[in-house]
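So the chains spell out like this:
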Amino acid sequence: MTTLRDLELAIDQLLNHPLGMGYYRLVRPVEEKAYEAYLFGLCLRAARELGVTPMLRGISGAPNPFIFRGAPGQIHSRSRNYGYAEFSLNGLDLEVHAGVEFQGTSGMTHEVDVCVMRAEDARKCRAAPDDPPASSLIGCWECKFYAGNLQKVLGRAFVGLMDDMGTNVRLSGLCSNSMHPQLRDYMKLQRRPYPHFLLSPSNPSGEDIFVNLLKAELKKMASA
Amino acid sequence: MNSNEYTDEEALATLIRKLEERDTALAVHVQGVINAGRDIEEREPVARGSRRLRTYRRTVPFSPDEALQTAVEVLRAYFIELPQIVNSTLDDFRPVALARPGDAWSPFGTTTGEEDLVLEALGVDKEVQIEIETETQITPRGDREYLALARTPQDLIEVQLSNLARLGDLIASRENDDDDAP
């Protein structure tokens, strides 16, 4: 028969482990951004599986270290050497960004957690500082790391964001390691973003779906 | 037959207390997830005496056993999923080239679109950082400007997985009994 002391010891063992409370306190301030970085990496994976080698770039020089923004920012910001990725597919130049603000069709700007966009528009906005237009977006994804049930408001908010991005965006999705049963129903309508729920390294089939959807769309765009 | 000396309520109270002792924010978060309850489907006759049933959604509290399982899943997200997510990111950065500007590179681009770039570090780990203090932040200034993503050895993750499994066993080792039936 297990005692309360046994339970306490098991809890202590879990919390005292290097991946317990110490790790939680270390990563907690950036858990959302760490999840965005993971989705950024999946976009790089999609490009590589199409046979191209993406390049990591920094706005002000070599991205060493590669810096992810801690808050939404402008694509042209040089306050730090923020990183992005670039690749070319059949002559189509594209970039991958995280945490960059885009101008919606209404004129309001929106942060896009992770996106693939036309490199030409990105270069113009870096050269003559401006927010890139929604029409430069190929794919955009809202990323939420959540310990617990995903909040329904996130789905509604992202649908609203995508509504202001116009009809040119070819791929969009709400990505999370978590899920909410009603959000899956909300997202299943035809023109709503794809629900990439329970998306994490412990769900390889979920990762494959994300990567393959992006690959398919890029191949179609580039006639690859 | 109960194989534990403690009830589910006692186990849950112990877990929450242990979390509170170490980090109030995490304890509050776990408690918040538990307090959100869960949705169930209820059925009732469409009218009195009717045999046709209608279904409606109802939000109910977790049972203590369900609350324990939920708390463990929250801890799994932080203690297992997050390090796996970081490892995956670093894995996806490794096979990608790092573009270092050459001598003729200009940060303002070129009229031809061609850039002088040297590609390097293909197939090696990259240093990846996430800002903690953002570009517009002036107060408060903490002791860390950024977090460098670090790879977690797989054996460390495996040990923590077994710790989590052990905890799961201890909170699930009560067999179904009728004491919990309404």
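Higher on the page you've got the structure.
Right, let's walk through the structure included here. (Residues numbered from 1 in each chain as written. Chains lettered and ligands numbered in written order. Predicted model: local features only at pLDDT ≥ 70, side-chain atom pairs only at ≥ 80, totals over all residues. Heavy atoms only, no water.)

## A few points about the packing of helix 1 (residues 4-16) of chain A against helix 4 (residues 154-171) of chain B
Basically, it comes down to this: Every axis in this analysis is a line fitted to C-alpha atoms, fitted for helices over the stretch in contact. Angles between the N-to-C directions lie between 0 and 180 degrees. Numbering of helices and strands starts at the N terminus; helices are DSSP runs of H or I of at least 4 residues and strands are runs of E of at least 2. To sort the angles, those under 35 degrees are grouped as roughly parallel, those over 145 as roughly antiparallel, those from 65 to 115 as roughly perpendicular, and the leftovers as oblique. Each crossing gets its hand from how the near helix is turned against the far one by less than a right angle, where anticlockwise is left-handed and clockwise is right-handed. In this description, contact between two residues means that some pair of their heavy atoms is separated by no more than 4.5 Å. Here the term charged refers only to Asp, Glu, Lys and Arg, the term nonpolar to Ala, Val, Leu, Ile, Met, Phe, Trp, Tyr, Cys and Pro, and the term polar to all other amino acids, Gly among them.
Remark: helix 1 of chain A packs on helix 4 of chain B, axes separated minimally by 9 Å, with the N-to-C direction vectors making an angle of 155 degrees. As the angle between them shows, helix 1 of chain A and helix 4 of chain B are arranged roughly antiparallel. Taken as a pair, helix 1 of chain A and helix 4 of chain B cross one another with a handedness that is left-handed. Contact with helix 1 of chain A, carried on its side by Asp6(A), Leu7(A), Ala10(A), Ile11(A), Gln13(A) and Leu14(A), involves Gln160(B), Asn163(B), Leu164(B), Arg166(B), Leu167(B), Leu170(B) and Ile171(B) of helix 4 of chain B and no other residues of that element. Partitioned by chemical class, the residues of the contact of helix 1 of chain A with helix 4 of chain B number eight nonpolar, three polar and two charged.

## Comments concerning the interface of chain A and chain B
How big an interface is tends to be stated in terms of accessible area lost as the parts join. Keep this limit in mind: By buried area we mean how much accessible surface two parts lose on assembly, using a 1.4 Å probe and totalling the loss over both. One speaks of a salt bridge when a side-chain nitrogen belonging to Lys or Arg is within 4 Å of a carboxyl oxygen belonging to Asp or Glu. Definition of a polar contact: a pair of N or O atoms within 3.5 Å, with one able to donate and the other able to accept a hydrogen when the atoms are protein atoms, and with sequence-neighbouring residues admitted only if both atoms are side-chain atoms.
Taken together, the contact pairs 74 residues of chain A with 74 residues of chain B. Carbon and sulfur atoms make up 64% of the surface buried where chain A meets chain B, a total of about 6,600 Å² over both sides. For chain A, the biggest contributors to the area lost against chain B are Leu14(A), Leu19(A) and Tyr24(A); these three give 10% of the whole. Counting the contacts that link chain A with chain B gives seven salt bridges. In this structure, Arg45(A) engages Asp92(B) in a salt bridge whose closest nitrogen and oxygen atoms are separated by 3.0 Å. At the surface where chain A touches chain B, the tally comes to 32 residue pairs in polar contact (both at pLDDT 80 or more).

## As for the sheet that holds strand 4 (residues 92-103) of chain A
Stated precisely, the cut-off is as follows: When DSSP finds at least two bridges between two strands, those strands are taken to pair.
Read from one edge of the open sheet, nine strands run 8(A)-7(A)-6(A)-5(A)-4(A)-3(A)-1(A)-3(B)-4(B), paired in mixed fashion. Edge positions in the sheet fall to strand 8 (194-196) of chain A together with strand 4 (117-120) of chain B, since each of these pairs with one other strand and no more. Pairs of neighbouring strands in the sheet enclose a mean axial angle of 30 degrees, with direction left out of account. With six bridges connecting them, strand 6 (residues 137-144) of chain A and strand 7 (residues 171-176) of chain A associate as parallel partners. From the neighbouring strand, Glu142(A) faces strand 7 of chain A, where its bridge partner is Leu174(A). Packing against the sheet, helix 3 (residues 31-49) of chain A makes contact with strand 1 (55-58), strand 3 (83-89), strand 4, strand 5 (109-118), strand 6 and strand 7 of chain A, and its axis sits at approximately 20 degrees to strand 5 of chain A.

## Some remarks on the packing of aromatic side chains
Put simply, the test is: When two rings of Phe, Tyr or Trp (its six-membered ring) have centres within 6.5 Å they constitute a pair, described as stacked for plane angles under 30 degrees, edge-to-face for angles over 60, and tilted for the intermediate range. Burial here depends on accessible area, computed with a 1.4 Å probe over protein chains only, as a share of the maximum for the residue type. Under 20% is buried, over 50% is exposed, and the range in between is partly exposed. Put simply, a charge is over a ring when the Lys NZ or the Arg CZ is close to the ring centre, within 6 Å, and near the line of the ring normal, within 35 degrees.
In total, this model carries 11 aromatic pairs over all chains according to the counting rule given. Pairing Trp141(A) with Phe210(A) gives two aromatic rings, centres 5.1 Å apart and planes at 55 degrees, and the pair type is tilted. Of the two residues, Trp141(A) is situated in strand 6 and Phe210(A) in helix 7 (residues 204-222); the sequence distance between them amounts to 69 residues. Overall, the relative accessible area of 2% leaves Trp141(A) in the buried class. Among the aromatic residues, those joined into a ring-pair cluster are Tyr24(A), Tyr35(A), Tyr38(A), Phe145(A) and Tyr78(B). Lying across the ring of Tyr82(A), Arg69(A) places its NZ or CZ 4.5 Å from the centre.

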